[in-house]
Amino acid sequence: MSKSDVLVLGSINMDISLKVNQLPRIGETILSEGVDYQLGGKGSNQAVAAYKISQGTDFIACVGEDSFGQTAIRQLGQVGLPTDTIMMLKGAHTGMATVLKIQGDNSIVVANGANKVANEQTRQAIDQKLPGKRVLLTQLETNFSDLEYALRKAKGLKVINILNPAPYHPIVNDLLPYVDIVTPNETEFENIIGRKLTTREEFKAAMVDWVQQNDTQLILTKGSEGSLTVIEGQVHMFPAINVDVVDTTGAGDTFNGILASLVARGEGLEKAIRFATVGASLSTEGYGPQAAMPGLDQIIERLESPQEKS
Ligand code: RIB
């Protein structure tokens, strides 16, 4: 198996994280006890999570020619990720996210900046890095024409395409024909099918219907409950584990990164989802999206612990 088996095409943001007790109302100013600058962005979070499992992971992204961009490249390099295809674009700012952290959950506003700028260097990087990969992992925080270019090319090369449709955009319906595995959360799934679902049974029925009509594997992530998929017309549930939650930012990204790595290693889908679900839970035990992303050993250790086996 190739050492370098996952390619992540995605965003880099500097997360400006503020702890608050409530969300501000319109016209209101509220106080936070402090501010943390944490490397984030769905692409960078997913690339780090994948790298922790598969050291061969490559990452294509864009930042601005500014200090946040330099910080991002330095920090990702320190993790070990190759940074040769992180482009610094003139005239654009590095993506930024304001993350309001509230009681273990969060609300996020993103200014995409360089992440959304179409550029020839990104396409050259896709042409250079994609051949030989097993899996391409993408989300919707990047430039859509470059994203479509990558998915089309990957499909032609028989690379497995995983799309995390976040943040939701209707473009997802145009991209689905190239996608092998799609990983929405509940709201994103409701947006994809165009209707609201309330009960657990409604979700399950809608998942089965959707899978019958689409040639794409569906994995629904449900935060602290775990994740669901449809296998041979039946919905299978993969429960999350009990953890001491500090911060849920990036838990979904951790899920996607681990899933991509395990699929690339040729593991069966059920095992990949089980490990990704446990890994996502473990990632919430640290403060910041990338602080507590686990390696394979930590996931196995937790799965083999008496509390999970009982
Ligand atoms: O999924 C979490 C991420 O969403 C944050 O790191 C933030 O940058 C936004 O992209």
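Residues numbered from 1 in each chain as written. Predicted model: local features only at pLDDT ≥ 70, side-chain atom pairs only at ≥ 80, totals over all residues. Heavy atoms only, no water.

For the protein, an unreviewed UniProt entry supplies the name Ribokinase and the organism Aerococcus christensenii. Taken from UniProt, the Pathway (unreviewed entry) comment for the protein reads in full: "Carbohydrate metabolism; D-ribose degradation; D-ribose 5-phosphate from beta-D-ribopyranose: step 2/2." (UniProt positions renumbered as here; feature names shortened; annotations may be inferred.)

### Looking at the nonpolar core
Among the nonpolar cores identified, the biggest contains 42 residues, and Ile 12, Phe 59, Leu 76, Leu 259 and Ile 299 are the most heavily contacted of them. Looking at this core, the elements that each hand over two or more residues are strand E1 (6-9), helix H1 (42-53), strand E4 (58-64), helix H2 (67-79), strand E8 (135-138), helix H8 (251-264), helix H9 (269-283) and helix H10 (296-303). Of all hydrophobic cores here, the second largest spans 39 residues; its members include Cys 62, Ile 171, Leu 175 and Leu 176. (Core = buried A, V, L, I, M, F, W, Y, C linked by side-chain atoms within 4.5 Å. Buried < 20%, exposed > 50% of the residue type's maximum accessible area, 1.4 Å probe, protein only. Helix = DSSP H or I, 4+ residues; strand = E, 2+ residues; numbered from the N terminus.)

### Quick notes on H2
The end-to-end C-alpha distance of H2 is 18 Å, a good match for the 18 Å that 13 residues give at a rise of 1.5 Å each. Buried residues of H2: Gly 69, Thr 71, Ala 72 and Leu 76, and no others. One side of H2 holds all its buried residues, which, seen down the axis, span an arc of 160°. Here the buried face of H2 lies against strand E2 (13-19), strand E3 (35-40), H1, E4 and strand E5 (86-89). Positive phi appears at Gly 80, one or two residues downstream of H2, with a value of about 120°. (Expected span 1.5 Å × (residues − 1). Arc of directions from axis to C-beta. Contact = heavy atoms within 4.5 Å.)

### Overview of the sheet that holds E5
Pairing in this open sheet of nine strands is mixed, and the strands run E5-E4-E1-E8-E9-E10-E11-E12-E13 from one edge to the other. Both outer strands of the open sheet, E5 and strand E13 (234-239), are each paired with one neighbouring strand and no more. Inspection of the sheet shows strand E12 (residues 226-231) paired to E13 by six bridges, in the antiparallel sense. Paired with Leu 228 across the bridge in E13 is Met 237. Across the sheet, H1 is in contact with E1, E4 and E8; its angle to E1 comes to roughly 165°. (Pairing = 2+ DSSP bridges. Axes fitted to C-alpha atoms, helices over the stretch in contact; angles between N-to-C directions.)

### Thoughts on the layout of surface pockets
The space that makes up the largest pocket amounts to roughly 1,000 Å³. In terms of lining, the largest pocket is formed by 44 residues, of which the most central are Asn 185, Gly 223, Thr 248, Ala 251 and Gly 252. Looking at which element gives the most residues to the lining of the largest pocket, the answer is H8, with five residues. Here the residues of the lining of the largest pocket are counted per class, giving 14 nonpolar, 22 polar and eight charged. (1 Å grid on protein atoms, 1.4 Å probe; cavity = no way out; pocket = protein on both sides within 12 Å on 5 of 7 lines; lining within 4 Å. Points joined across faces, edges and corners; volume = space filled by probe spheres on them. Nonpolar A, V, L, I, M, F, W, Y, C, P; charged D, E, K, R; others polar.)

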